[in-house]
Protein chains: 2
Amino acid sequence: MWQLYQFPLCPFSRKVRLLMSEKGIGYELQRENPWDGRDEFFHLNPAGRTPVLADHGKGVVLIDSRAICEYFEETVDKNPMINGSAASRAEIRRLVALFDENFFGDVTAPLLHERMKKRLVYRASPDSRMLREAMKLAHEHLDYIDYLIDNRPWLAGAQMSLADLAAAAQISVVDYLGGIDWSGHEQSKGWYALFKSRPSFRPLLAERMDVIQPPSHYADPNA
Amino acid sequence: MWQLYQFPLCPFSRKVRLLMSEKGIGYELQRENPWDGRDEFFHLNPAGRTPVLADHGKGVVLIDSRAICEYFEETVDKNPMINGSAASRAEIRRLVALFDENFFGDVTAPLLHERMKKRLVYRASPDSRMLREAMKLAHEHLDYIDYLIDNRPWLAGAQMSLADLAAAAQISVVDYLGGIDWSGHEQSKGWYALFKSRPSFRPLLAERMDVIQPPSHYADPNA
Ligand SMILES: N[C@@H](CCC(=O)N[C@@H](CS)C(=O)NCC(=O)O)C(=O)O
Ligand SMILES: N[C@@H](CCC(=O)N[C@@H](CS)C(=O)NCC(=O)O)C(=O)O
């Protein structure tokens, strides 16, 4: 059985969970806070980051969410998520990188720092200037999603792909932390509402991160 | 003909150039400084980052160095660089992520900031505390390369792979900026010396970044 080392608000772990669920692959959760710096975890992943996916019985350890997703894409046929021509696949991977790196760096990482780590680890208050800046950048990213959805049914083209899962994973974490304001983003909001009602998404929305509570609309598929 | 938008010290562009050269794919260089923020460049890549690889005649634009490398892996059989079983391919991609993200973030990005951007863009002096910290982390990364090379002929296993190209690309930029001290890293040094004499590497080592000069050993395959 696969063991997924993660914490509930790790967006990269969420992307892996969405992919595994869409493909019907079972796994168990192992709670891991990378900021605890456990020796055993560094032994598993020298980079000290979540997600790590391990099948200890088979001696397989997979590290890095993109490497994990490519692995399942290659080994499990059901519901392909990096599909189509080489150019279509490149477009999917471009968008995955955009959400994993730019959206994460601009929006998710600052929100996790200000609203999760400062509360749980540093016992400090969030810096409102940092929050404002991250939420301003969130609007720019939602504008880009609006633009994509104006031109295509799904972010990377005609079919749902890993690009949609990567984007929804990041957005769901930011929404949990109160950083998403949908006003003026009808296209993005409609696209995201589709996700909220998917069976793969329900378990994520039901989880809570320790003492941190999401806003009331967070898990509601009609809000 | 492929046009590669890049600047000489962009490590991700170097990785793409190594892969294209190993696979025998021709391209022309287009100098692009992402920090100039040219409108035309944002039009090509909304993320505003190098590398971008475009074939304007065919209307193909590829973005993100990993997406570009996967594209050529899928379309050009010669010299496969993400090869072997699904588990081997996952190990290659884990290491690519480690060098693209951790090595880059810990070492290459601070050195590019302190020794290139401050000189060319901000006209400021480097911060010696930041340089010391980056060079300390470089040692830790070289320790890990030593460990890999003690156990395997190439970084990800029995054959040269994209992991080696990703690592060599980052290291070559840091070496150009005077940030690599090989003492105590014989295994890494020997592995890197192999690269320096490869035909794919020679053109990179011959290039210069504006007024910034590399140390004398930089392009010497025997040093
Ligand atoms: N490229 C990695 C990124 C993983 C990552 O940044 N994980 C964060 C948690 S959301 C982490 O473990 N950070 C701790 C650290 O960087 O030390 C992936 O896609 O898996
Ligand atoms: N994941 C991207 C990273 C590209 C990247 O960070 N490029 C740097 C130059 S080395 C850049 O353009 N930075 C400008 C910016 O982030 O605004 C890739 O692999 O292509």
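The structure presented is a predicted model; accordingly, all values stated were derived computationally and were not measured. (Residues numbered from 1 in each chain as written. Chains lettered and ligands numbered in written order. Predicted model: local features only at pLDDT ≥ 70, side-chain atom pairs only at ≥ 80, totals over all residues. Heavy atoms only, no water.)

1. A few points about the packing of aromatic side chains
Residue and element names in this part refer to chain A.
- Inspection of every chain in the model, using the stated rule, returns 30 aromatic pairs over all chains.
- The interplanar angle of 85° and the centroid separation of 5.6 Å between the aromatic rings of tryptophan 2 and phenylalanine 72 together place this pair among those described as edge-to-face. Within this pair, whereas tryptophan 2 is found in strand E1 (residues 2-6), its partner phenylalanine 72 is found in helix H3 (residues 65-75), the two being separated by 70 residues in sequence. For the pair formed by tryptophan 2 and phenylalanine 72, the shared burial category is buried.
- Among the aromatic residues, ring-to-ring pairing joins Trp154, Trp182, Trp191, Tyr192, Phe195 and Phe201 into one connected group. (Phe/Tyr/Trp six-rings, centres within 6.5 Å; stacked < 30°, edge-to-face > 60°. Helix = DSSP H or I, 4+ residues; strand = E, 2+ residues; numbered from the N terminus. Buried < 20%, exposed > 50% of the residue type's maximum accessible area, 1.4 Å probe, protein only.)

2. Examining the UniProt feature "domain: GST C-terminal" (unreviewed entry) in chain A
- UniProt's entry tags residues 85-218 of chain A with the feature "domain: GST C-terminal" (unreviewed entry), counted in the numbering of this structure.
- From the first C-alpha to the last, residues 85-218 of chain A spans 36 Å; its make-up is 69% helix and 0% strand. (UniProt positions renumbered as here; feature names shortened; annotations may be inferred.)

3. Points about the packing of H3(A) against helix H4 (residues 86-122) of chain B
- Where H3(A) meets H4(B), the closest approach of the two axes is 9 Å, and the angle between their N-to-C directions is 160°. One finds that H3(A) runs roughly antiparallel with respect to H4(B). Of the two possible hands of crossing, H3(A) and H4(B) adopt the one that is right-handed. Residues A:Arg66, A:Ala67, A:Glu70, A:Tyr71, A:Glu74 and A:Thr75 of H3(A) form the contact with H4(B), whose own contacting residues are B:Ala86, B:Ala87, B:Arg89, B:Ala90, B:Arg93, B:Arg94 and B:Glu101.
- Of the residues in the contact of H3(A) with H4(B), the class split is 5 nonpolar, 1 polar and 7 charged. (Axes fitted to C-alpha atoms, helices over the stretch in contact; angles between N-to-C directions. Parallel < 35°, antiparallel > 145°, perpendicular 65-115°, else oblique. Left-handed = near helix turned anticlockwise from the far one by under 90°. Contact = heavy atoms within 4.5 Å. Nonpolar A, V, L, I, M, F, W, Y, C, P; charged D, E, K, R; others polar.)

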